[in-house]
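# Geometric and topological summary
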Amino acid sequence: MSLTQQLGEYRLRVDTHLDQLLTVSSIDPVLQEAMKYGLFNGGKRVRPALVYMVANTLGADLNRVDDLAAAIECIHSYSLIHDDLPAMDDDALRRGKPTCHIAYDEATAILAGDALQCLAFEVISASNLPSDDLIEAIRVLSFASGHRGMCVGQSFDLRHEGLPLNLAQLEAMHHHKTGALITASVELGWVASGCKDVQVRAQLVEYSKAIGLAFQVKDDILDIEADTETLGKPQGSDLEKNKPTYPALLGLEGAKAKLSELHQSAIAAIESLPYNVDALKAMADYIVDRTH
Ligand code: IPE
Ligand code: IPE
Ligand code: MG
Ligand code: MG
Ligand code: MG
């Protein structure tokens, strides 16, 4: 099966699961609508796909994986709703549609993000994984989302708009704001599979760090090279806000050279695993070649 087919299959799978989670009666249906608006708007579902892909590579039954795949997308979608808020990147377009705070209002967008974050942990807590694995999944996701993961990366990003960063600072920022959730996706796949081999986990984490950083380097390049329609978010947003990015520091060619270095490191990290890692290699290709 081609990567495109596989991504399509995983997207459908996680979307079906998410839809079920968000179809309950509510005293204020607007909140649930705004959550759905933030979730179901053409996201690529890269993080859930990674959870499925790693679990599948390790031989897992995918029925064990749905809750963890849904949970990581809830966290990611919440992070995007908040990232676009006026107090953060102040963007009006996301996934080709008005951002959540424009379609609804700021308070509703903040609450939709908050509620998606809670839903992620609710879903994992209620999953039927063995309790040790379930607790590990909660630990992985909470670590990656919080003050040592995505949130601190976002905070650092906002605090350094217009300020010069050195390469180490830039790399640390990208590792936190974007890499952390990509690493969590890969670790959740390992947890869901029931594999207990820590060497396998370490190699997968190595792979995830390279593709996680590559993902944000590519995002920064696309901000310059792609058009708004293809991106589904405003082209040039980083430049306009004087964001610290790889192209800003290394130039466009320097950023592209970094991207190809990271791609090679990702492949090297998993090559010796005693599994068929073709899908994970194809995913690394996709992350550096993607057009949006
Ligand atoms: C965008 O993530 C934000 C970053 C972390 C770079 P994606 O490019 O995965 O966004 P969607 O989910 O496909 O919209
Ligand atoms: C956002 O980075 C990373 C998150 C944790 C949401 P960006 O601010 O570059 O993401 P886009 O370009 O708005 O999607
Ligand atoms: Mg941002
Ligand atoms: Mg942004
Ligand atoms: Mg960006």
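From a predicted model like this one, the values you see are computed outputs, not experimental measurements.

For the rest of this paragraph, the subject is the layout of surface pockets. Here the largest pocket is characterised by a volume of approximately 770 Å³. In terms of lining, the largest pocket is formed by 43 residues, of which the most central are Leu80, Asp83, Arg94, Asp219 and Lys233. Elements that contribute at least two residues to the lining of the largest pocket include exactly helix H3 (46–57), helix H4 (66–83), strand S1 (93–94), helix H8 (150–159), helix H9 (167–193), helix H10 (198–225), helix H11 (228–231) and helix H12 (237–240). At six residues, the largest contribution of residues to the lining of the largest pocket is made by H10. The residue inventory of the lining of the largest pocket, partitioned by class, reads 10 nonpolar, 13 polar and 20 charged. Empty space within the second largest pocket amounts to approximately 270 Å³. Elements represented by at least two residues in the lining of the second largest pocket include exactly helix H7 (131–145) and H9.

Contacts to ligand 2 come from Ser79, Leu80, Asp83, Asp89, Arg94, Met150, Gln154, Lys177, Thr178, Gln216, Asp219 and Lys233. With respect to ligand 2, the side chain of arginine 94 contributes an N or O atom lying 2.7 Å from an oxygen atom. Within the side chain of aspartate 219, an N or O atom sits 3.1 Å from an oxygen atom of ligand 2. In isolation ligand 2 exposes 390 Å². Once the protein is present, 91% of that is buried. When atoms are counted within 2 Å of each cavity's grid points, the one that captures over half of ligand 2 is the largest pocket. Counting residues per element, the shell around ligand 2 draws most heavily on H4, which supplies three residues. Residue classes in the shell around ligand 2 are distributed as two nonpolar, four polar and six charged.

Cut-offs used in this document
- Residues numbered from 1 in each chain as written.
- Chains lettered and ligands numbered in written order.
- Predicted model: local features only at pLDDT ≥ 70, side-chain atom pairs only at ≥ 80, totals over all residues.
- Heavy atoms only, no water.
- 1 Å grid on protein atoms, 1.4 Å probe; cavity = no way out; pocket = protein on both sides within 12 Å on 5 of 7 lines; lining within 4 Å.
- Points joined across faces, edges and corners; volume = space filled by probe spheres on them.
- Helix = DSSP H or I, 4+ residues; strand = E, 2+ residues; numbered from the N terminus.
- Nonpolar A, V, L, I, M, F, W, Y, C, P; charged D, E, K, R; others polar.
- Near = heavy atom within 4 Å.
- Polar contact = N/O pair within 3.5 Å; in protein donor to acceptor, adjacent residues only side chain to side chain.
- Areas by Shrake-Rupley, 256 points an atom, 1.4 Å probe, with all protein chains shown as cover.
- Sits in = over half its atoms within 2 Å of the grid points.

Taken by themselves, the reported measurements are silent on function.
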